[in-house]
Protein chains: 2
Amino acid sequence: MVVGVDDMAADGAARLPAASRPGGRTARVRAAALRATEDALIEVGLARLDLADIARRAGIGKTTVYRRWRTVPALIADLLADMAEQSSPRSDTGSLAGDLLANAHLVQRTLTDARQGALFRAILAAALTDTDTAEALRRFYEARISEWEPCVYAAVERGELPAGTDAREVIRAVSAPLYHRLLTGEDIDPTHAEHAAATATAAARAGAYRP
Amino acid sequence: MVVGVDDMAADGAARLPAASRPGGRTARVRAAALRATEDALIEVGLARLDLADIARRAGIGKTTVYRRWRTVPALIADLLADMAEQSSPRSDTGSLAGDLLANAHLVQRTLTDARQGALFRAILAAALTDTDTAEALRRFYEARISEWEPCVYAAVERGELPAGTDAREVIRAVSAPLYHRLLTGEDIDPTHAEHAAATATAAARAGAYRP
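Residues numbered from 1 in each chain as written. Chains lettered and ligands numbered in written order. Predicted model: local features only at pLDDT ≥ 70, side-chain atom pairs only at ≥ 80, totals over all residues. Heavy atoms only, no water.

(A) Main features of the relation of the copies chain B and chain A. Mapping chain B onto chain A is achieved by rotating through 180° and translating by 0.0 Å along the same axis, at an RMSD of 0.0 Å. Such a combination of rotation and displacement between the chain copies is what one expects of a two-fold axis. The fraction of interface residues of chain B whose copies in chain A are also interface residues reaches 97%, indicating that both copies meet through the same surface. (Least-squares fit on C-alpha atoms with pLDDT ≥ 70 in both. Contact = heavy atoms within 4.5 Å.)

(B) Main features of the packing of helix α2 (residues 25-44) of chain A against helix α5 (residues 72-86) of chain A. All names here are of chain A. Two elements in contact, α2 and α5, have axes whose closest approach is 10 Å; the angle formed by their N-to-C orientations is 105°. Between α2 and α5, the crossing angle belongs to the class labelled roughly perpendicular. Two secondary-structure elements touch here, α2 through Arg30, Leu34, Thr37, Glu38 and Leu41 and α5 through Leu75, Ile76, Asp78, Leu79, Asp82 and Glu85. The class makeup of the residues in the contact of α2 with α5 is five nonpolar, one polar and five charged. (Axes fitted to C-alpha atoms, helices over the stretch in contact; angles between N-to-C directions. Helix = DSSP H or I, 4+ residues; strand = E, 2+ residues; numbered from the N terminus. Parallel < 35°, antiparallel > 145°, perpendicular 65-115°, else oblique. Nonpolar A, V, L, I, M, F, W, Y, C, P; charged D, E, K, R; others polar.)

(C) Region of interest: the domain arrangement of chain A. All names here are of chain A. Taken as a whole, chain A is organised into domain 1 (18-84) and domain 2 (90-205). Of the residues lining the interface, 13 residues belong to domain 1; the matching set on domain 2 comes to 16 residues. Taken over both partners, the interface formed by domain 1 and domain 2 buries close to 1,300 Å², and the fraction arising from carbon and sulfur atoms is 76%. By the criterion of area lost to domain 2, the three top residues of domain 1 are Ile42, Leu80 and Met83, representing 40% of everything that side buries. The tally of links from domain 1 across to domain 2 stands at two salt bridges. Linking domain 1 with domain 2 are two residue pairs in polar contact (both at pLDDT 80 or more). Of all the elements in the fold, those that place two or more residues in the side of domain 1 that touches domain 2 are α2 and α5. (Domains from an automatic or database assignment. Buried area = accessible area lost by both parts, 1.4 Å probe. Salt bridge = Lys/Arg side-chain N within 4 Å of Asp/Glu carboxyl O. Polar contact = N/O pair within 3.5 Å; in protein donor to acceptor, adjacent residues only side chain to side chain.)

(D) Layout of the interface of chain B and chain A. Listed as interface residues are 31 residues of chain B and, on the opposing side, 31 residues of chain A. Taken together, both faces of the contact between chain B and chain A bury some 2,900 Å²; the carbon and sulfur share is 68%. Here chain B and chain A share four salt bridges between them. Its salt-bridge partner being Glu169 of chain B, residue Arg181 of chain A comes within 3.8 Å of it at the nearest N-O pair. Our count for the contact surface shared by chain B and chain A stands at eight residue pairs in polar contact (both at pLDDT 80 or more).

If you want it as structure tokens, here you go:
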């Protein structure tokens with residue numbers, strides 16, 4: 001059962017003025033719309049997604065959805081911005097191997113989680129054939145790579161890696177084989193995450209990510 | 001303008017008995033249907049692809065298409081089998097770095113070619129949300145990786161790489177960052193191919209692809 005935001009507003013939530021609630025009505029409308037967008041992406045894919053369906057699923061007035069997001073790509077872009085904000089912060093285990101392993105496990109868990117995995121597959125599929133979604137997804141990965149880059153800077157500081165190592169390329173190198181397995185229809189289990197992290201660590205130590 | 005197979009059969013091709021032509025009518029029907037499938041995938045994507053549209057685009061009778069392929073996933077699987085057969089053979093440059101560079105350039109050119117790139121994006125998008133297409137695509141990459149594996153065996157023979165190096169993982173490591181760039185909406189130019197090949201070579205030499 002989907003609890004609509006308008007239903008919530010009709011009971012408890014309506015008793016407090018919006019400004020006094022952490023994440024008031026506006027935040028709850030957004031959360032409901034983004035959740036509905038995830039559901040719709042997983043169930044029907046981008047090609048058949050429309051704002052009226054999102055409004056219905058979220059229990060929000062159509063006018064609210066049209067006024068706030070205007071287009072489906074804008075709604076997907078907002079979803080990806082929210083996903084970037086909600087994503088786990090980077091690890092700081094004290095070693096490059098440990099940090100990259102934590103990153104690899106995070107990617108592996110995300111791509112194989114029943115809901116998150118289906119959502120990522122739907123968004124990746126959409127981005128492959130829609131340039132607005134591709135741009136929103138590019139910004140999402142930009143944010144995620146920036147979050148994890150400091151692991152590489154710290155490793156250079158500790159003398160684990162050669163100076164001039166390209167931090168973004170090291171972080172990409174952890175994800176790349178896992179996403180490649182996703183694309184080529186192979187399983188992605190924790191041993192693949194361990195292998196991806198170990199390979200990126202070994203390659204970085206060998207100086208493979210200097211320009 | 002699309003020249004249909006039935007048009008071709010109506011003129012020159014009809015003058016020779018099918019058995020005497022290399023790739024007779026059956027082969028030409030298949031080629032036209034697969035070409036039409038590529039066009040349809042690029043233009044409308046898997047979700048809106050249907051066999052009647054393929055028949056119309058290819059200038060083949062609907063009955064022929066339905067009898068031969070029966071379902072859209074079977075047609076896509078046949079397209080991927082054909083793509084695997086038609087793909088370039090592996091390079092043999094005499095060094096691992098040279099072979100992996102040739103592989104990386106091939107992947108880069110394919111993913112950025114106007115038609116091939118659009119076709120791959122459409123097929124990858126379809127595979128992300130359709131399990132039959134995913135399985136057909138897995139077999140395609142299986143064939144492509146098998147084609148290039150001997151480059152790694154030869155490098156081990158020459159003493160360039162440690163014994164026990166996982167050949168499939170080395171070949172995957174060349175493609176993975178390029179496909180990751182495709183997914184994350186980044187450019188893929190020849191310098192990225194060079195970097196992917198150099199990184200995989202350095203990592204393999206450093207022993208990163210031993211179990």
